[in-house]
Amino acid sequence: MEEQLIQVLKRHQLRLTSIRKEVLALFLERQEALSQHDLEEALGEVDRITLYRTLRSFEEKGLIHRAIDGTEKLRFALCQGLCTAHTHQDDHAHFHCEQCSRTLCLEETQLPELNSPPGYKINQTHLILQGICADCQMQQA
Ligand SMILES: [Zn+2]
Ligand SMILES: [Zn+2]
Ligand SMILES: [Zn+2]
């Protein structure tokens, strides 16, 4: 694990700090989108500003992306390796579970090609799916 953390941080040109390692470990472990609040809860004693800066630098370096999920919470999710500094390629949908409130990347669900209206330049497209996640459906069954 430690080795993996170091490699990922290096690949994204991020200096090793303990907070960066801890935050990255959480993203790898949880495999879901996390808000700053989620991270604060998981990490316990943590300086909010340091955490905020950590998330910003991860985003800048192509390590995490914003998982826009239709809620007012800003969540981030781990990128799948194609992203580099300033060039994110996270063209997949995000799923938000109405029951457990988790947000997940749907890597297999690609964004559809859309015709943009004449004269408009589209920089970003977000596809949000909402419903009940597989885990929650299993619990109901
Ligand atoms: Zn990305
Ligand atoms: Zn759920
Ligand atoms: Zn995502």
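Let me sum up the structure you'll find in this document. Here the structure is a predicted model, which is why all the values come from computation and not from measurement.

1. A few points about helix 4 (residues 48-60)
Taking 1.5 Å of rise per residue, the 13 residues of helix 4 would be expected to cover 18 Å, and the 18 Å separating its terminal C-alpha atoms lies within 8% of that figure. Those residues of helix 4 that fall on the buried side of the exposure criterion are L51, T54, L55, S57, F58 and E59. Elements that come into contact with the buried residues of helix 4 comprise helix 1 (2-11), helix 2 (18-30), helix 3 (36-43), strand 2 (64-66) and strand 3 (75-78). Positive phi appears at G62, one or two residues downstream of helix 4, with a value of about 80°.

2. Quick word on the side chain of T103
As for its position among the elements, T103 is in strand 5 (residues 103-110). Given the relative accessible area of 0%, T103 is considered buried. Here the side chain of T103 touches D69 through a polar contact of 2.5 Å, side chain to side chain. The residues touching T103, leaving out its near neighbours within four places in the chain, are E32, A33, A67, D69, R75, H94, F95 and H96.

3. Section: the coordination of the zinc ion (ligand 1)
Those donors, C79 (SG), C83 (SG), H88 (ND1) and D90 (OD), are the protein atoms that reach the zinc ion (ligand 1), and they lie 2.1 to 2.3 Å from it. Taken together, the four donor atoms surrounding the zinc ion (ligand 1) define angles of 97 to 118° at the centre, an arrangement classified as tetrahedral. The sequence pattern formed by the donor residues of the zinc ion (ligand 1) is C-x3-C-x4-H-x1-D. For C79, a relative accessible area of 10% corresponds to the buried category.

Procedures and definitions
Residues numbered from 1 in each chain as written. Chains lettered and ligands numbered in written order. Predicted model: local features only at pLDDT ≥ 70, side-chain atom pairs only at ≥ 80, totals over all residues. Heavy atoms only, no water. Helix = DSSP H or I, 4+ residues; strand = E, 2+ residues; numbered from the N terminus. Expected span 1.5 Å × (residues − 1). Buried < 20%, exposed > 50% of the residue type's maximum accessible area, 1.4 Å probe, protein only. Contact = heavy atoms within 4.5 Å. Polar contact = N/O pair within 3.5 Å; in protein donor to acceptor, adjacent residues only side chain to side chain. Donors = N, O, S within 2.8 Å, 3.2 Å for Na, K, Ca; no water. Tetrahedral: all angles 85-135°; square planar, octahedral: opposite > 155°, others 65-115°.

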